[in-house]
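Chain residues, written in single-letter form:
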Amino acid sequence: MAKELKDLTKRSDDYSKWYNELVVKADLAEQSAVRGCMVIKPYGYAIWEKMQRYLDDMFKSTGVQNAYFPLLIPKSFLSKEADHVEGFAKECAVVTHYRLKNSPDGNGVVVDPDARLEEELIIRPTSETIIWNTFKNWINSYRDLPVLVNQWCNVFRWEMRTRMFLRTAEFLWQEGHTAHATSEEAQERAIQMLNVYGEFAEKYLAVPVIKGVKSANERFAGAIETYTIEAMMQDGKALQSGTSHFLGQNFAKAFDVNFVNKDNKPESVWATSWGVSTRLMGALIMTHSDDNGLVLPPHIAPLQVVIIPIYKNNDQAAEISKTVNPIVNELRQAGISVKYDDADNRRPGFKFADYELKGVPVRLAIGLRDIENGQVEVMRRDTLEKHNAPLDGIATYIKDHLEDIQNNIYQKALKHREEMTRTVDTYDEFKKEIEKGGFILAHWDGTTETEELIKAETKATIRCIPLDGDKTPGTCMVTGRPSAQRVIFARNY
């Protein structure tokens, strides 16, 4: 390993420290001068861009269009939906003044006390209020429905304890907002977008997820139902990786968004909202990576293949390039992102370690002897296995290899989740099993009181009530009261 990897903490020693070090060492992000906010570096942002690209196409295939709404929201808007403001009030950053002036003592600038805003503005923690105030201008008749919009933006929520990608004060996300003529249409849309998130997580991120509905206690502020995809990290903790909300008519009534229905009668609009954020970067890192660095699924890796020449002098380097350059073109024509790293300022060993750290799925090493033998050395990042492959037909070989890696990474994560998912029937058993981490399937009586008791005593929360799976009723492990089905408990990020 190159020098920068020698002191990477092992997962088994300190999983949290391993994660924090890896984010920095793999050049994904770093802390900024603003407390609680991070700088996403080019390599990290390249991964986020691929996520955006795929998700954006998936959204648009369902009829959604992109739009953009203001960063600043009038304070009065958040007062219109009581549950919503209560859910976000403690996290809001407030703009109170619109001007600075030079300090009288000559030391920099100060807030001009005469420039106080008539109404304070909130930096968006989420955009339901400003969007529904806008929808009031767009919707008059059932002919104007549905409205299906999404915006890619940043949001801000004050966080006291932060961790890059997983929980930061400012983060990037997309938030979809839709308006419908009927409750059924809105609920169908909420589930449809949940399924989009599930497909994206599994197909591109290779992260197996469980789709379910949140308990009332864990529901989005202002929602009737919150649907979620829940993933399990290598340390056995859960990570909420995407949510879709059926908002009923709450926001439509709060902002007077009404329409004339087909019976020529006024009615309030039905709504959904749904979003995923840069938290998916955390899910990607913690689900797959190892003590050597990142492990990136090929479908989401910015760089899928790197080719490193092995040579002793410039003549050999030039000779190798004659063979490699056509291979690079062949791979690109096959839709594979590839880099030929022939830079002479770093030794091959350093390059090997660097690309291993950054999780590049396939590394090809090639020297003159390899060319003479018509082969190239292939190293796959997921297993660290090396073997030789023929140069003839290499693009097809690598394309198939990348798909095998993608599937293997997913299956490994799925196996881990299955091994860490257990069923319990008694509260004493639950208390023992939750200490081991993982998903615990147990019966719950459906009350907030019992849910809060379990959280207070074990630090475990209900991650979701699974949409699929065993629907067999039973009795609550705590109270003995009837339970409709088992729910998933876990400790979470």
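Just above, that's the structure.
The rules we used
Residues numbered from 1 in each chain as written. Predicted model: local features only at pLDDT ≥ 70, side-chain atom pairs only at ≥ 80, totals over all residues. Heavy atoms only, no water. Buried < 20%, exposed > 50% of the residue type's maximum accessible area, 1.4 Å probe, protein only. Helix = DSSP H or I, 4+ residues; strand = E, 2+ residues; numbered from the N terminus. Polar contact = N/O pair within 3.5 Å; in protein donor to acceptor, adjacent residues only side chain to side chain. Contact = heavy atoms within 4.5 Å. Arc of directions from axis to C-beta. Salt bridge = Lys/Arg side-chain N within 4 Å of Asp/Glu carboxyl O. Phe/Tyr/Trp six-rings, centres within 6.5 Å; stacked < 30°, edge-to-face > 60°. Lys NZ or Arg CZ within 6 Å of the ring centre and 35° of its normal. Pairing = 2+ DSSP bridges.

## Considering helix 5 (residues 128–138)
Because an α-helix completes one turn every 3.6 residues, residues spaced three or four positions apart along the sequence face the same direction.
Okay, step 1: Among the 11 residues in helix 5, eight count as buried, and that is most of the element.
Okay, step 2: The complete set of buried residues in helix 5 reads Glu128, Thr129, Ile130, Ile131, Trp132, Asn133, Thr134 and Phe135.

## Things to note about the side chain of Gln406
Okay, step 1: Inspection of the secondary structure puts Gln406 in helix 12 (residues 394–419).
Okay, step 2: Among the residues examined, Gln406 registers a relative accessible area of 5% and is labelled buried.
Okay, step 3: Among the polar contacts listed, one links the side chain of Gln406 to the backbone oxygen of Lys203, at a separation of 3.1 Å.
Okay, step 4: With residues up to four places along the chain from it excluded, the contact list for Gln406 reads Lys203, Tyr204, Ala206, Pro297, Pro298 and His299.

## Overview of helix 13 (residues 427–434)
Okay, step 1: Among the residues of helix 13, Tyr427, Phe430, Glu433 and Ile434 are the ones counted as buried. Projection of helix 13 onto a plane perpendicular to its axis shows the buried side chains occupying an angular sector of 120°, all on one side. Counted as exposed and oriented over 90 degrees from the buried face of helix 13: Asp428 and Lys432.
Okay, step 2: For helix 13, the elements touching its buried residues are strand 22 (421–423), strand 23 (439–443), helix 14 (448–458) and strand 27 (486–490).

## A word on the pattern of salt bridges
Okay, step 1: Counted according to the given criterion, the structure contains 26 salt bridges.
Okay, step 2: Here Arg116 and Glu120 are joined by a salt bridge, their closest N and O atoms 3.4 Å apart.
Okay, step 3: Taking relative accessible area as the criterion, Glu120 reaches 17% and is therefore assigned buried.
Okay, step 4: Between Glu457 and Lys431 there is a salt bridge whose closest N-O contact spans 3.8 Å. Here Lys431 lies in helix 13 and Glu457 lies in helix 14, a separation of 26 residues in the sequence.
Okay, step 5: For Glu457, a relative accessible area of 45% puts it in the partly exposed group.
Okay, step 6: When salt bridges with common partners are traced through the structure, they connect Asp27, Glu30, Lys41, Asp341, Arg346, Lys351, Asp354 and Lys358 into a single cluster.

## Re the environment of Val306
Okay, step 1: Mapped onto the elements of the fold, Val306 is located in strand 17 (residues 305–310).
Okay, step 2: When the C-alpha atoms of Val306 and Val360 are compared, they prove to be 7.2 Å apart, with 54 residues separating the residues in sequence.

## Comments concerning the packing of aromatic side chains
Aromatic ring pairs: the centre-centre distance and the angle between the two ring planes describe each pair.
Okay, step 1: For the coordinates displayed, the defined rule picks out 17 aromatic pairs.
Okay, step 2: Ring centres 6.1 Å apart and planes at 25° place the aromatic pair Tyr427 and Phe430 in the stacked group. Linking Tyr427 with Phe430, this pair stays in helix 13, spanning three residues, or about one helical turn.
Okay, step 3: We classify Phe430 as buried; its relative accessible area is 0%.
Okay, step 4: The cationic tip of Lys358 hangs over the ring face of Tyr43; the distance from NZ or CZ to the ring centre is 5.7 Å.
Okay, step 5: Over the ring of Phe352 we find Arg363, and its NZ or CZ is 3.9 Å from the ring centre.

## Some words on the pairing of strand 24 (residues 461–466)
Okay, step 1: Taken across its six residues, strand 24 has six buried, putting it largely inside the fold.
Okay, step 2: Examined bridge by bridge, strand 11 (residues 210–213) and strand 24 share two bridges and lie antiparallel to one another. Within strand 24, the residue paired with Gly212 across the bridge is Pro466.
Okay, step 3: Pairing of strand 24 with strand 27, which is carried by three bridges, proceeds in the antiparallel orientation. When the sheet's bridge partners are listed, Cys464 is paired in strand 27 with Ile488.

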